[in-house]
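Structural features, examined
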Amino acid sequence: MSFFKNLFSGSTEDFSFIEEFLDDFFKCCGFSLSCDVEILKEEGKIYIDIYGKDEELLIEQHGKLLQSLQIYLSSVLQNRLKAEEAFQITVDSQGYMEQFEQDLIDLAHRLKKEALKRKRSVIIKRPLNAFYRRKIHQDLTKDGRVETRSVGEGAFKRIIISPVRGKYDNNFRRA
C-alpha cells in the first residue's frame, strides 16, 4: 500500500522519496531490481540507473520497457516535484539507453551520407518515439544539407532524410 500512498500523495520539493518510490514500484511489479538516483538540480536533470537480476527484461526489444518506464516516471515525478522548472529524467540500465541513443545517431548519420551521395531520400525504418525523433531531426539538420520529416501514425513514427532541393523526393529507399 505504501507504493500507492507515494504515488498519490502531495507534491514535494524533497527528492528523497524517489528511491523509496522506485523500490516499492519494483516490488509491486515483482521485479528483482534496485536503482541509484543522481540529482543534478543546477542542470535540471535526474539520472536513474536500474540494475539487478531482472535488468535483462528492461532492455529486451530495443529497451521498450525501459523507455516506457522513463515516460511513466517522468510523468509521476514531475507531478510530485514542486520545482519551478521541469526536470529532464533519464532512466537507464547499465548504460543501455545511452548506447542505444548513440547507435541511432550513428545510423542517422550513415543514412544522411547515403541520401547526399545518392541524391534521394532514405528512411529510418525503425519506429521511434518523439524524444528520439526530435534528437535526430535536430542533429541531422544542423549543417543544412538535408531535411528530415516524420511519417507514420501514432506515437512511434519513422524519419525520412532528404537532400535539400526545395521539395521532398517521394522516392525513398528503406534502410
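A brief structural summary. Source: prediction; values computed, not measured.

When helices and strands are counted, the chain shows 5 helices and 7 strands. Going from N to C terminus, the chain has its helices and strands arranged as α-α-β-β-α-β-α-β-α-β-β-β. Once local pairs closer than 6 in sequence are excluded, the contacts in the chain between residues at least 24 apart make up 57%. For the chain, the computed accessible surface area is about 10700 Å², with 48% contributed by carbon and sulfur atoms.

Now for the sheet that holds strand β3 (residues 88–92). Sheet strands pair by backbone hydrogen bonding; their relative direction is either parallel or antiparallel. Sheet architecture is open: 3 strands sit in the order β1-β2-β3, paired in mixed fashion. This sheet does not close on itself; its edge strands, each paired only once, are β1 (33–40) and β3. Neighbour to neighbour, the strand axes of the sheet diverge by 15 degrees on average, direction disregarded. Inspection of the sheet shows strand β2 (residues 45–52) paired to β3 by 5 bridges, in the parallel sense. Its bridge partner being in β3, K45 is matched across the sheet by Q88. Sitting on the sheet, helix α2 (residues 17–29) is in contact with β1 and β2, with an inclination near 155 degrees to β1.

Turning our eyes to something else, we now look at the pairing of β2. The two faces of a sheet get side chains in turn, since along a regular strand they alternate between them. Relative to β2, β1 runs antiparallel, the two being bridged by 8 bridges. Within β2, the position partnered with E38 by the bridge is Y47. Joining the antiparallel neighbours β1 and β2 is a turn of 4 residues, in which G44 adopts a positive phi near 70 degrees.

Rules and cut-offs
Residues numbered from 1 in each chain as written. Predicted model: local features only at pLDDT ≥ 70, side-chain atom pairs only at ≥ 80, totals over all residues. Heavy atoms only, no water. Helix = DSSP H or I, 4+ residues; strand = E, 2+ residues; numbered from the N terminus. Contact = heavy atoms within 4.5 Å. Areas by Shrake-Rupley, 256 points an atom, 1.4 Å probe, with all protein chains shown as cover. Pairing = 2+ DSSP bridges. Axes fitted to C-alpha atoms, helices over the stretch in contact; angles between N-to-C directions.

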